[in-house]
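Commentary on secondary and tertiary structure
Below are the chains, spelled out letter by letter.
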There are 2 protein chains.
Amino acid sequence: MNEQIKILVVEDDDDINQLLCNIIRKNGYFPQPAFSGTEAMLYLESKEWDMVLLDLMLPGMSGDEILAKIADQSNIPVIIISAKLDQQTKIDMLRTGADDYITKPFDIEEVSARIESHLRRYQRINLSSKIEEQLKHKDIEVDPDAKIVSVQGKELIFTAREYEILVLLMSSPKKVFTKKNLFESVWNEAFYGDDNTINVHMSNIRSKLAAANPDEEYIETIWGMGYRLKS
Amino acid sequence: MNEQIKILVVEDDDDINQLLCNIIRKNGYFPQPAFSGTEAMLYLESKEWDMVLLDLMLPGMSGDEILAKIADQSNIPVIIISAKLDQQTKIDMLRTGADDYITKPFDIEEVSARIESHLRRYQRINLSSKIEEQLKHKDIEVDPDAKIVSVQGKELIFTAREYEILVLLMSSPKKVFTKKNLFESVWNEAFYGDDNTINVHMSNIRSKLAAANPDEEYIETIWGMGYRLKS
DNA sequence: GATAATTATTAAGAGAACCTTAAGTTTGGA
DNA sequence: TCCAAACTTAAGGTTCTCTTAATAATTATC
């Protein structure tokens with residue numbers, strides 16, 4: 001899982017950009033400076049971001065154009081940081097899709113607190129809408145939410161251990177998992193060779209899969225090495 | 001479905017309260033004035049809210065206490081509207097869980113735009129988790145406004161914890177919730193395995209449901225994994 | 001083809017996970 | 001401050017899963 005929280009800082013003034021990046025770094029997140037509107041767009045298109053700090057007066061492409069694009073195409077929170085003091089701009093930006101509007105010169109602690117605040121709210125969205133992908137291999141399907149294994153649409157009853165082993169195998173269909181690998185991933189403790197446990201689980205998993213579809217072989221034994229999915 | 005967006009306006013000054021309510025009404029939402037901290041708490045406990053506008057200087061119970069409670073117990077966005085100008089208060093409130101901090105005297109259009117902005121972001125949470133529609137399962141019905149659980153139309157007495165657990169299960173009827181899941185969602189703190197608490201709550205929930213309808217089984221234990229609604 | 005090493009299967013006892021009841025402990029309201 | 005409701009902890013019993021161990025089957029090596 002990728003735990004790094006990445007924040008794009010779009011600000012053409014070198015000093016201010018650096019200052020903002022430092023605030024972000026100090027909070028434990030990962031800043032990426034961009035010094036023009038066009039540069040910002042490149043970053044936005046090439047990566048996933050958790051937040052954007054955006055100046056309005058930018059070379060290349062103006063801040064409000066960028067804001068409009070972000071608001072249109074994504075869900076990323078945007079904090080405008082601008083020297084423009086007039087209310088109308090502020091209101092327009094907030095209505096266009098900005099999450100906040102901070103005027104320069106800014107208070108470092110306040111910027112820090114506002115970043116935290118918006119990130120906190122945004123995190124919850126991502127947690128609740130996090131769409132987990134389904135694992136599939138041949139006619140095996142796994143629904144990680146429901147923790148259900150099905151073969152040819154038929155739902156199978158797997159125990160917790162069996163489920164975890166199968167998911168591990170399916171997470172890297174080409175990899176050969178040694179018993180040590182399997183044991184340490186699934187059991188989360190050290191493996192002191194010579195253990196029949198995994199053999200037994202493999203046998204049980206195979207027989208459950210075979211009961212659902214006898215014509216297919218799903219798990220391959222690599223002699224002297226371990227197991228992997230048969231492709 | 002309940003489409004009304006309800007905003008609680010906590011402000012002891014009559015004129016300002018009314019002004020804020022007017023802004024909200026003009027935006028198409030439903031304001032509820034509260035003129036003291038204690039009054040606000042009553043509203044917060046009795047209904048579901050989409051947003052809270054909160055003054056800090058209040059009779060009865062101070063704004064920061066209210067904020068702390070809301071942040072601790074729920075997900076509702078809070079905008080502080082205060083005459084306190086000092087940065088430290090602002091920063092503290094934002095760190096405690098406020099989503100925004102607007103100083104008086106405020107610009108009507110800006111307040112309006114900021115309400116829209118936060119609501120826009122918050123709505124996405126609700127849209128993605130769409131709790132409202134799914135709060136029925138078999139003959140269990142939950143009224144999230146009144147926080148009432150009923151089975152076959154009969155109203156049951158659930159405690160706060162029991163209610164939250166049940167709502168969580170019902171929010172994703174097919175999902176298997178691990179104890180970790182449950183604990184971290186309902187208690188909002190880290191889970192250090194081997195805890196009987198959830199077992200006991202589950203047992204209590206089951207017996208209350210069974211008392212209302214002995215012929216039906218509602219909650220399924222998935223051994224080694226967790227719990228889910230029985231479909 | 002015989003032997004040794006590894007893997008597969010089976011069944012039963014050990015162990016882990018869970019349920020329930022009841023006794024503390026905490027919390028919130030009068 | 002006290003009381004009652006809610007929550008947590010604890011203990012004993014139950015159920016289901018995992019591991020162990022014995023045995024069979026397979027693969028590699030000589």
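An unreviewed UniProt entry annotates chain A as DNA-binding response regulator of Virgibacillus oceani. For chain A, the Subcellular location (unreviewed entry) comment in UniProt is given as "Cytoplasm".

Once that is clear, we can look at the sheet that holds strand β7 (residues 140–143) of chain A. Residue and element names in this part refer to chain A. Judged by pairing direction, the sheet is antiparallel, and its 4 strands sit side by side in the order β6-β7-β8-β9 without closing on themselves. Looking at strand neighbours, the two that pair on one side only are β6 (135–137) and β9 (154–156), the edges of this open sheet. Sheet twist, expressed as the mean angle between neighbouring strand axes with direction ignored, is 25°. Pairing analysis gives 3 bridges linking β6 to β7, with the strands arranged antiparallel. For K136, the partnering residue across the bridge sits in β7 and is E141. The strands that helix α6 (residues 160–171) touches are β6, β7 and β8 (148–151); relative to β7, the one it contacts most, it runs at about 110°. Each of β7, β8 and β9 is contacted by helix α8 (residues 197–212), which is oriented at about 160° to β9, the strand it contacts most.

All names here are of chain A. Judged from the 5 bridges that link them, strand β1 (residues 6–10) and strand β2 (residues 30–34) form a sheet pairing that is parallel. Its bridge partner being in β2, V10 is matched across the sheet by A34. The β-α-β motif built from β1, the intervening helix α1 (residues 14–26) and the parallel element β2 has right-handed crossover chirality.

Time to look at the protein's contact with DNA strand C. Surrounding DNA strand C, one finds 20 residues, the nearest of these being T221(A), Y227(A), R206(B), T221(B) and Y227(B). Those atoms of DNA strand C that come within 4 Å of the protein belong to sugar or phosphate at a rate of 73%. The contact in question runs from a phosphate oxygen of DNA strand C to an N or O atom on the side chain of Y227(A), over 2.5 Å. If you list the elements that add at least two residues to the surface near DNA strand C, you get α8 of chain A together with α8 (197–212) of chain B. When grouped by side-chain class, the residues that make up the surface near DNA strand C number 6 nonpolar, 10 polar and 4 charged.

As a further point, take the interface of chain A and chain B. If you look at the interface, chain A gives 38 residues, while chain B gives 38 residues. In total, about 3,100 Å² of surface goes out of reach between chain A and chain B, with carbon and sulfur atoms giving 45% of it. For R114(A), the salt bridge identified is with D100(B), shortest N-O distance 2.6 Å. Our count for the contact surface shared by chain A and chain B stands at 29 residue pairs in polar contact (both at pLDDT 80 or more).

This paragraph deals with the pattern of salt bridges. Under the definition given, this model contains 26 salt bridges over all chains. Residues joined in a network through salt bridges with shared partners are K90(A), D100(A), E110(A), R114(A), K90(B), D100(B), E110(B) and R114(B).

Our focus in this paragraph is the sheet that holds strand β6 (residues 136–137) of chain B. All names here are of chain B. Taken in spatial order, the 4 strands line up as β6-β7-β8-β9 in an open sheet, and their pairing is antiparallel. Bordering the open sheet on either side are β6 and β9 (154–156), each of which pairs with just one other strand. Taken together, the 4 bridges between strand β7 (residues 140–143) and strand β8 (residues 148–151) define a ladder with antiparallel strand orientation. By the bridge assignment, E141 is partnered in β8 with S150. Strand contacts of helix α6 (residues 160–171): β6, β7 and β8, with the helix running at about 110° to β7, the strand carrying the most contacts. Helix-sheet contacts for α8 involve β7, β8 and β9, and the interaxial angle to β9 is about 160°.

This paragraph deals with the protein's contact with DNA strand D. In the neighbourhood of DNA strand D, 19 residues make up the surrounding shell, with W187(A), H201(A), T159(B), W187(B) and H201(B) lying closest. Within 4 Å of the protein, the atoms of DNA strand D are drawn from sugar and phosphate moieties in a proportion of 68%. At a separation of 2.9 Å, a base nitrogen of DNA strand D approaches a polar side-chain atom of N196(A). Looking at the surface near DNA strand D, the elements that each hand over two or more residues are α8 of chain A together with α6 and α8 of chain B. Taken together, the residues that form the surface near DNA strand D break down as 7 nonpolar, 8 polar and 4 charged.

Attention now goes to the UniProt feature "modified residue: 4-aspartylphosphate" (unreviewed entry) in chain A. Residue and element names in this part refer to chain A. Cross-referencing UniProt, the feature "modified residue: 4-aspartylphosphate" (unreviewed entry) maps to D55 in the present numbering. You can see D55 is positioned in the loop between β3 (51–54) and α3 (63–73). Once you skip the residues sitting within four places of it in the chain, D55 turns out to touch V10, E11, D12, G63, I81, S82 and K104.

All names here are of chain A. One finds I140, F158, I165, L182, M202, L209 and I219 to be the most contacted residues of the largest nonpolar core, which totals 31 residues. Only β7, β8, α6, α7 (179–187), α8 and β11 (226–229) provide two or more residues apiece to this core. Ranked by residue count, the leading element in this core is α6, at 7 residues.

The rules we used
- Residues numbered from 1 in each chain as written.
- Chains lettered and ligands numbered in written order.
- Predicted model: local features only at pLDDT ≥ 70, side-chain atom pairs only at ≥ 80, totals over all residues.
- Heavy atoms only, no water.
- UniProt positions renumbered as here; feature names shortened; annotations may be inferred.
- Pairing = 2+ DSSP bridges.
- Helix = DSSP H or I, 4+ residues; strand = E, 2+ residues; numbered from the N terminus.
- Axes fitted to C-alpha atoms, helices over the stretch in contact; angles between N-to-C directions.
- Contact = heavy atoms within 4.5 Å.
- Right-handed = clockwise from strand over helix to strand, strands pointing away.
- Near = heavy atom within 4 Å.
- Polar contact = N/O pair within 3.5 Å; in protein donor to acceptor, adjacent residues only side chain to side chain.
- Nonpolar A, V, L, I, M, F, W, Y, C, P; charged D, E, K, R; others polar.
- Buried area = accessible area lost by both parts, 1.4 Å probe.
- Salt bridge = Lys/Arg side-chain N within 4 Å of Asp/Glu carboxyl O.
- Core = buried A, V, L, I, M, F, W, Y, C linked by side-chain atoms within 4.5 Å.
- Buried < 20%, exposed > 50% of the residue type's maximum accessible area, 1.4 Å probe, protein only.

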